[in-house]
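# Structure assessment
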Amino acid sequence: NEGYAREMVNRIQNYRKESNLDVTDTIAIQMVSNPALDKAFTDFANYIKNETLCTSFEIVPALQGEKISFEITDELKIEVAIKKN
């Protein structure tokens, strides 16, 4: 589970760089529920939030608006919405 959380942090950090977010910008994250990943992201929510400067982290049934797809492993992908606060 910790490995999944670390992969998620890596994907979010790469997204932050690609989106030209300032290193001090805080973000809000929503991700679509995935039974294979929910426990990992719930157990390590504080780690993900701290590492990515996230002020709001939610696992939701579906996303509204712009979505990003992250590949956590070859078999596991997740849809995420990231908004600058």
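Scroll up a little and you will see the structure.
About the criteria used
- Residues numbered from 1 in each chain as written.
- Predicted model: local features only at pLDDT ≥ 70, side-chain atom pairs only at ≥ 80, totals over all residues.
- Heavy atoms only, no water.
- Helix = DSSP H or I, 4+ residues; strand = E, 2+ residues; numbered from the N terminus.
- Rg over C-alpha atoms; globule rule 2.2 N^0.38 Å.
- Buried < 20%, exposed > 50% of the residue type's maximum accessible area, 1.4 Å probe, protein only.
- Contact = heavy atoms within 4.5 Å.
- Areas by Shrake-Rupley, 256 points an atom, 1.4 Å probe, with all protein chains shown as cover.
- Lys, Arg positive; Asp, Glu negative; His and termini not counted.
- Charge placed at Lys NZ, Arg CZ, Asp CG, Glu CD.
- Salt bridge = Lys/Arg side-chain N within 4 Å of Asp/Glu carboxyl O.
- Pairing = 2+ DSSP bridges.

## Considerations on the overall build of the protein chain
Across its full length, the protein chain holds three helices and four strands. In the protein chain, the succession of helices and strands from N to C terminus is α-β-α-α-β-β-β. A globule of 85 residues ought to have a C-alpha radius of gyration of about 12 Å, and the protein chain, at 12 Å, matches this closely. Over its C-alpha atoms, taken along the principal directions, the protein chain stretches across nearly 30 × 25 × 20 Å. Split into buried and exposed, the 85 residues of the protein chain put 39% on the buried side. Contacts in the protein chain between residues far apart in sequence, at least 24 positions, make up 73% of those at least 6 positions apart. Split by element, the accessible area of the protein chain, about 5,100 Å² in all, is 44% carbon and sulfur. Considering the protein chain, the positive charge centre built from 10 side chains and the negative charge centre built from 14 side chains are found 3 Å apart.

## Re the pattern of salt bridges
Counting across every chain of the model gives five salt bridges. Taking the shortest distance from any N to any O, the salt bridge between K77 and E71 comes out at 3.9 Å.

## With respect to unusual backbone geometry
Of all residues except glycine, most have a negative phi; of all peptide bonds, most are trans. The phi angle at N20 is positive, at roughly 60 degrees, despite the residue not being glycine. In this structure, L53 takes a positive phi of about 55 degrees despite not being glycine. Here L53 shows up in the loop between α3 (45–52) and β2 (54–60). You can call L53 partly exposed: its relative accessible area is 33%.

## Some words on the pairing of strand β1 (residues 27–32)
The buried fraction of β1 is high, at five of six residues. Summarising the sheet, β1 and β2 pair through six bridges and their orientation is parallel. By the bridge assignment for β2, M31 is matched with I59. Pairing of β1 with strand β4 (residues 77–84), which is carried by five bridges, proceeds in the antiparallel orientation.

These values are about where atoms sit, not about what they do.
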